[in-house]
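Each chain, letter by letter, is given below.
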Amino acid sequence: MVIFRIVEMTSRAVGTSWPAELAAVLGPDSVITDPARLRTYECDGLTGYRVVPAAVALPRSTEEVAAAVGVCARHGISFVARGAGTGLSGGALPVADGIVISLQRLRRILHVDPVNLRAVVEPGVTNLDISRAAASHGLYYAPDPSSQQVCTIGGNVAENSGGAHCLKYGFTVNHVLAAEVVLADGTVTTLGGQSQHLPGFDLLGAFVGSEGTLGIVTQVTVRLLAKPAQVRTMVADFATVAAAGDAVTAIVAAGIVPAAVEMLDNLAIQAVGASTRSVYTADTAAALVVELDGPPDDVAELFDDVQRICRDQGSTKIMVAADAEERALIWQGRKAAFAAVGRISPNYFVQDGVVPRGRLAEVLGRIAAMADEAGIRVANVFHAGDGNLHPLVLYSEADGEHDRAERLSTEIAELCVELGGSLSGEHGIGADKACSMPRMFGEDDLATMLRLREAFDPAGLCNPGKVFPTPRLCGERPGPYRPHPLETAGVIERL
Amino acid sequence: MTERTSFDSHRPPSRELLDDCVHCGFCLPTCPTYVINGEEMDSPRGRIYLMDLAERGEIPLDRTMSAHIDSCLGCLACVPACPSGVRYDLLIEAVRPQIERHVPRTRIDRLVRRAVFAVFPHPARLRVAAVAGLLYRRLGLAASLRRLGVVRRLPAQVRAAEELLPPVRFRSLFGRMDAVVPAVGERRMRVALLEGCAQRVLFGDVNAATARVLAAEGCEVVVPREQQCCGALSMHAGREDEAARRARRLIDTFERHEVDAVVVNVAGCGSSMKEYGELLRDDPAYADRAARFAASVRDVSEVLAQLPPRAERHRIDARIAYHDACHLGNAQGIRQQPRDLLRSVPGVEVTDIPEASICCGSAGIYNLVQPDAAEELGRRKAAAIESTAPDVVATANAGCLLQVRRFLTTDVTLVHPIQVVDAAIRGVPLGEERR
Ligand SMILES: Cc1cc2nc3c(=O)[nH]c(=O)nc-3n(C[C@H](O)[C@H](O)[C@H](O)COP(=O)(O)OP(=O)(O)OC[C@H]3O[C@@H](n4cnc5c(N)ncnc54)[C@H](O)[C@@H]3O)c2cc1C
Ligand code: SF4
Ligand code: SF4
């Protein structure tokens, strides 16, 4: 029953003088307590969950973060770190009576080191700004979430975010060398280091992907890569989603490691078509975006191979980006797809399940059948090369489709686990999928994870209620997911 | 739901428009106020959230709400940045008048706003103010006052206005243009030119250059004399009735002339004139006429983009940093045409400015009512411009010219793009084109 301890500890009495103390250490301009203003912080990219915090702190330096956390520690107040609030699993969802610590005022790029191929940045710097700062040296930061122009490196570290190019280059965890963090008692420490081969436990590895439950990142040293000598990109259309799925399997089976393989189905293409200068074929059932990079000769050869495989798999049309501008348009469409779905549907849920690559065609077929049965449209736009699905379940709140869509969405996630995959590829567990964790992990597994968490944060003040199932959210007994009474009543919702 | 809303029933922001926001945050990095202070309530996403809450009646229309609506520059950088197609332009335009009606302003804010609207849209009064400002500068009064620290002791808002006054030349103040400028050579178009209220007084040179270039390219240019302010500043500040009144009057004035297009050289005026249809949609006597008028409005660079250059351009060797005025780039989607226009001059090298999408802080009367934020943005913009080491800065909006000039530390020539073309056609060096 260790699992329940966190929640009990967070409900400790809240002192009265802490807002004044916060204002004293940060300055009154950096603490928000006004009710209307606080409401703008009540949710992140997943708006179905909302909790109004007691205060928001906007520190400007590591010292100020440590001071704010120190106040929390002394008064037993929970705190939740917040980057750009683009998370899709409710990771930055505030805790009632707790404070939100926004890292949006720590946005300096401290150092770009082109010799050792690294950059030192503050946590509020956006993912894309790191690449922009490195561009003049011919370098870039590889992980590229679709939200890269807005999401912060701190959020990326917390979520171990991925992106289209993580197929070849790996996730955030493969590109972070060191992180300065403020622990839950207010101490500042550095995990990792300049060398990639440090003896002892990989504490940095444990921290990356911990979803803000182990401490607050205040400085990150990331690895930079040289821009590849050659990049070539194509969009291959297919007459069915299954054929596109088979093509992905065939490309990978041929031993080719593309920089990216992304899939969009027709609904997603429609959404993108409504928003940007779309380069996608409006009426194709599915499109694969395949990008290869590396030395020009290798790229040329493999690019031909990929085109041949796509044709063998029945591709109806292949469009090759003629220049950098056309490539940018392809990616712009792909990366805007999530939000563009807002144009074709009033509401939507986005899932993040992973399936073994070989089962892509199968899972897409089953999702389509489930969608038909539920009478709900599902758009697909995802990292096909990783088998990381992002089914977007489209519905209209006003037409009373919410419950049906929600059920379908949960069933899709569970289907992924059933097919030997995972609940989440890159968006994290957060508040959203915490109750589903027992579907993937036994009680022992969860208890072990919790011990690690408690080693960092024994008082359980740091982003409580996330990742691990709690009785408050999931009902009295942990175990296979069942709807919480609040959910049944429609007060809270899951994706 | 509607009975609980905090907005009154006169054109509140619509639920459908609010629902388009999916809270993805893609707009955040383009928003100048968010870039400055990193607070959610001062971001497009946060402002939409506040509007949404007010629409549901969950928060009142009070000073908290107005603070974050007022701090919005209306630069509309968030509109093209939004993948979900949120019409923030319509949202903010719907909310500003609601704030204006329901939230009492502080005394100093009220005074400043009243003063601004008593002067800026009225050429005669502005002329007096400008001459006063001119003498004030000419007599070295400004310098001595500044030395004495008097200026520094003025409230920030007053200081902002003082620092904005351009070094006006007497001639351009009182120069009146002919009512009709005939086309040079065969006539290709007949257009009517908006003089602009502040533009006419402070940047008469730009109007003269515009008329000359249009004529040189085969346009007959009509300049309706009796024209008054287009109401852009009022609209921008949520003074809806005043804006509508001015719009009606301008339509009346221009309808008397049979033209192919109404040409504007001030981005802010052009963007609001293109929205007259929306503004007057509930007025049966004007709705159709307003829509027709709006459809005939063109920025001068749009008109010239359609007319393949006929007049010879002399060479001007200059590196020109082009600054996208928000109301041209974001509001009207006009980015390419002014650059092409500049490039039509041999010898001109056009450079883009880093952080181009971030507003310079001018934004209508913003620099007068929100001086601190405007100052920070102005400095940031000037630094970005200077990082490209230009000889000339070109931008198509009077407000931007004023604002940027105030913060540049190096000696660069500031012009409207049309002045570059004018100088090239006339074969005079840039910066000496004033007659
Ligand atoms: C349109 C759209 C597309 C997306 N595409 C992708 C994608 O392709 N790949 C992908 O992986 N994700 C994607 N995401 C999800 C999201 O952008 C990522 O999870 C991102 O890393 C979140 O960053 P953020 O700065 O917004 O963090 P937030 O949402 O603010 O926070 C996320 C989590 O990180 C924690 N956190 C934030 N900052 C810190 C810090 N300094 N120290 C410790 N913890 C911190 C928070 O407590 C929270 O648990 C997408 C989101 C949207 C809206
Ligand atoms: S980009 Fe558009 S949808 Fe996304 S938060 Fe901003 S306004 Fe809303
Ligand atoms: S109009 Fe400009 S200042 Fe206002 S919310 Fe949009 S980007 Fe921000």
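Residues numbered from 1 in each chain as written. Chains lettered and ligands numbered in written order. Predicted model: local features only at pLDDT ≥ 70, side-chain atom pairs only at ≥ 80, totals over all residues. Heavy atoms only, no water.

(A) Highlighting the overall build of chain B. Check the secondary structure of chain B and you find 26 helices and 9 strands. In chain B, which comprises 435 residues, the proportion classed as buried is 61%. For chain B, the proportion of contacts with a sequence separation of at least 24, taken over those separated by at least 6, is 76%. Carbon and sulfur atoms provide 52% of the accessible area of chain B, an area that totals close to 17200 Å². (Helix = DSSP H or I, 4+ residues; strand = E, 2+ residues; numbered from the N terminus. Buried < 20%, exposed > 50% of the residue type's maximum accessible area, 1.4 Å probe, protein only. Contact = heavy atoms within 4.5 Å. Areas by Shrake-Rupley, 256 points an atom, 1.4 Å probe, with all protein chains shown as cover.)

(B) Region of interest: the overall build of chain A. Within chain A one finds 18 helices and 18 strands. Judged by the C-alpha coordinates and their principal axes, chain A covers about 70 × 55 × 40 Å. In chain A, buried positions account for 60% of the 495 residues. A sequence separation of at least 24 residues applies to 73% of the contacts in chain A between residues at least 6 apart. Total accessible area on chain A stands at roughly 18600 Å², and carbon and sulfur atoms take up 52% of it. Here chain A contributes 40 positive and 57 negative side-chain charges, whose respective centroids are spaced 3 Å apart. (Lys, Arg positive; Asp, Glu negative; His and termini not counted. Charge placed at Lys NZ, Arg CZ, Asp CG, Glu CD.)

(C) Layout of the state of the cysteines. Residues and elements named next belong to chain B. A full pass over the atoms with the stated rule returns 0 disulfides over all chains. Free of any disulfide, Cys 230 has its nearest neighbouring cysteine sulfur in Cys 269, separated by 3.8 Å. The class of Cys 230 is buried, set by a relative accessible area of 5%. The thiol of Cys 326 is not disulfide-bonded; the next cysteine sulfur, from Cys 359, is found 3.7 Å away. (Disulfide = S-S within 2.5 Å.)

(D) Quick peek at the domain arrangement of chain A. Along its sequence, chain A is organised into domain 1 (2-104) and domain 2 (230-418). In this structure, domain 1 of chain A and domain 2 of chain A have C-alpha centres spaced 37 Å apart. (Domains from an automatic or database assignment.)

(E) Molecular detail of the pattern of salt bridges. All names here are of chain B. For the coordinates displayed, the defined rule picks out 47 salt bridges over all chains. Salt-bridge contacts for Glu 220 lead to Arg 190; the nearest nitrogen and oxygen are separated by 2.2 Å. Here Arg 190 lies in strand S2 (residues 189-193) and Glu 220 lies in strand S3 (residues 219-222), a separation of 30 residues in the sequence. Of the two residues, Glu 220 and Arg 190, both sit in the buried class. Salt bridges sharing partners connect three or more residues here, namely Arg 15, Asp 19, Asp 52, Glu 55 and Arg 56. (Salt bridge = Lys/Arg side-chain N within 4 Å of Asp/Glu carboxyl O.)

(F) Local environment of the interface of chain A and chain B. The partner chain B presents 31 residues to the 36 residues of chain A that form the contact. The junction of chain A with chain B conceals about 2400 Å² of combined surface from both sides, 55% of it contributed by carbon and sulfur atoms. Contact with chain B buries surface across chain A, with Arg37(A), Arg39(A) and Thr40(A) losing the most and accounting together for 23% of the total. Our count for the contact surface shared by chain A and chain B stands at 3 salt bridges. Here chain A and chain B share 14 residue pairs in polar contact (both at pLDDT 80 or more) between them. Elements represented by at least two residues in the side of chain A that touches chain B include exactly helix H3 (35-39) and helix H12 (324-340) of chain A. Top contributing element to the side of chain A that touches chain B by residue count: H12(A), with 4 residues. (Buried area = accessible area lost by both parts, 1.4 Å probe. Polar contact = N/O pair within 3.5 Å; in protein donor to acceptor, adjacent residues only side chain to side chain.)

(G) Representation of the nonpolar core in the model. One finds Leu214(B) and Val420(B) to be the most contacted residues of the largest nonpolar core, which totals 60 residues. Shared between two domains, this core holds at least three residues of each, these being domain 3 (177-305) and domain 4 (313-434) of chain B. Those residues in contact with Val420(B) that sit more than four places away from it in its chain are Ile316(B), Ile320(B), Leu342(B), Val345(B), Val348(B), Val415(B) and Leu430(B). In this structure, Ile256(A), Met263(A), Ile309(A) and Ile367(A) belong to the second largest nonpolar core, which totals 44 residues. (Core = buried A, V, L, I, M, F, W, Y, C linked by side-chain atoms within 4.5 Å.)

(H) Spotlight on the packing of aromatic side chains. Scanning the entire structure with this criterion turns up 4 aromatic pairs over all chains. These aromatic residues form a ring-pair network of at least three members: Phe254(B), Tyr276(B) and Phe293(B). Between Arg107(A) and the ring centre of Tyr34(B), over which it is positioned, the NZ or CZ distance is 5.5 Å. Over the ring of Tyr286(B) we find Arg289(B), and its NZ or CZ is 4.3 Å from the ring centre. (Phe/Tyr/Trp six-rings, centres within 6.5 Å; stacked < 30°, edge-to-face > 60°. Lys NZ or Arg CZ within 6 Å of the ring centre and 35° of its normal.)

(I) Representation of the site of ligand 3 in the model. Neighbouring ligand 3 are the residues Cys31(B), Pro32(B), Pro44(B), Arg47(B), Cys72(B), Leu73(B), Gly74(B), Cys75(B), Leu76(B), Cys78(B) and Tyr88(B). Taken together, the residues of the shell around ligand 3 break down into 9 nonpolar, 1 polar and 1 charged. (Near = heavy atom within 4 Å. Nonpolar A, V, L, I, M, F, W, Y, C, P; charged D, E, K, R; others polar.)

(J) Quick look at the confidence of the model for chain B. Residue and element names in this part refer to chain B. Across chain B, the average pLDDT comes to 82, with 79% of residues at or above 70. Every residue in residues 134-154 is under pLDDT 50, and counting partners more than four places away or in other chains gives 26 contacts. Predicted confidence is poor over residues 165-175, with pLDDT under 50, and the contacts of this stretch with residues over four places away or in other chains come to 28 contacts. Under the prediction, the complex receives an ipTM of 0.89, its pTM being 0.86. (pLDDT = per-residue confidence, 0-100.)

(K) Molecular detail of the site of ligand 1. Around ligand 1, a shell composed of 36 residues is seen, among which Ala81(A), Gly83(A), Thr86(A), Ser147(A) and Thr152(A) lie nearest. Nearby residues place ligand 1 at the junction of chains A and B. Between ligand 1 and Ser147(A), the relevant distance is 2.6 Å, taken from an oxygen atom to a side-chain nitrogen or oxygen of the residue. In the environment of ligand 1, a nitrogen atom lies 2.9 Å from a nitrogen or oxygen atom belonging to the backbone of Val217(A). With the chains in place, 99% of the 970 Å² that ligand 1 exposes on its own is no longer accessible. Listed by contribution, the elements that provide at least two residues to the shell around ligand 1 are strand S3 (79-82), helix H6 (153-159) and strand S10 (216-223) of chain A.

(L) The sheet that holds S2(B), seen in detail. All names here are of chain B. The strand order S1-S3-S2-S4-S5 describes an open sheet built from 5 strands, whose pairing is mixed. Both outer strands of the open sheet, strand S1 (180-181) and strand S5 (297-299), are each paired with one neighbouring strand and no more. Here 2 bridges tie S1 to S3, and the two strands are oriented antiparallel to one another. From the neighbouring strand, Val 180 faces S3, where its bridge partner is Val 222. (Pairing = 2+ DSSP bridges.)

(M) Looking closely at the sheet that holds strand S12 (residues 230-238) of chain A. Residues and elements named next belong to chain A. The sheet built from 7 strands is open, its strands ordered S15-S12-S14-S13-S17-S18-S16 with antiparallel pairing. A single partner strand is all that each edge strand has here, and the edge strands are strand S15 (317-320) and strand S16 (347-350). Adjacent strand axes in the sheet meet at a mean angle of 20°, parallel and antiparallel pairs treated alike. Two strands pair when backbone bridges link them, and S16 and strand S18 (residues 391-395) are joined in this way by 4 bridges, in the antiparallel orientation. Bridging across to S18, Phe 349 finds its partner in Val 393. Those strands touched by helix H14 (residues 402-418) are S16, strand S17 (377-382) and S18, and its axis lies near 170° from that of S18. (Axes fitted to C-alpha atoms, helices over the stretch in contact; angles between N-to-C directions.)

(N) Region of interest: a negative patch on the surface. All names here are of chain A. On the surface, Asp 297, Asp 298, Glu 301 and Asp 304 cluster together into a negatively charged patch. Mapped onto the secondary structure, Asp 297 falls in helix H11 (residues 296-312). The exposed category is assigned to Asp 297, whose relative accessible area is 64%. (Patch = residues over 30% accessible without salt bridge, like charges linked within 9 Å, V, L, I, M, F, W, Y side chains within 5 Å.)

(O) Representation of the packing of helix H9 (residues 241-253) of chain A against H11(A). All names here are of chain A. Taken N-terminus to C-terminus, the directions of H9 and H11 make an angle of 140°; their axes are 9 Å apart at the nearest point. With respect to their mutual orientation, H9 and H11 come out oblique. Considering the relative orientation of H9 and H11, their crossing is right-handed. Here Ala 247, Ala 250 and Ile 251 of H9 lie close against H11, whose contacting residues are Val 306, Ile 309 and Cys 310. Residue classes in the contact of H9 with H11 are distributed as 6 nonpolar, no polar and no charged. (Parallel < 35°, antiparallel > 145°, perpendicular 65-115°, else oblique. Left-handed = near helix turned anticlockwise from the far one by under 90°.)

(P) Structural view of helix H14 (residues 204-216) of chain B. Residue and element names in this part refer to chain B. The end-to-end C-alpha separation of H14 is 18 Å, in line with the 18 Å expected for 13 residues at 1.5 Å each. By the criterion of burial, H14 is predominantly enclosed, with 11 of the 13 residues buried. Buried within H14 are the following residues: Gly 204, Asp 205, Val 206, Asn 207, Ala 209, Thr 210, Ala 211, Val 213, Leu 214, Ala 215 and Ala 216. Immediately downstream of H14, the backbone of Gly 218 shows phi near 95°, a positive value. (Expected span 1.5 Å × (residues − 1).)

(Q) Spatial organisation of the pairing of strand S8 (residues 392-395) of chain B. Residue and element names in this part refer to chain B. Side chains Val 392 and Ala 394 project from S8 onto one buried face, and the interleaved Val 393 and Thr 395 project onto a second face that is buried too. Here 4 bridges tie strand S6 (residues 318-323) to S8, and the two strands are oriented parallel to one another. Along S8, the bridge assignment pairs Ile 320 with Val 392. Examined bridge by bridge, S8 and strand S9 (residues 413-415) share 3 bridges and lie parallel to one another. Bridged to Val 393 within S9 is Leu 414.

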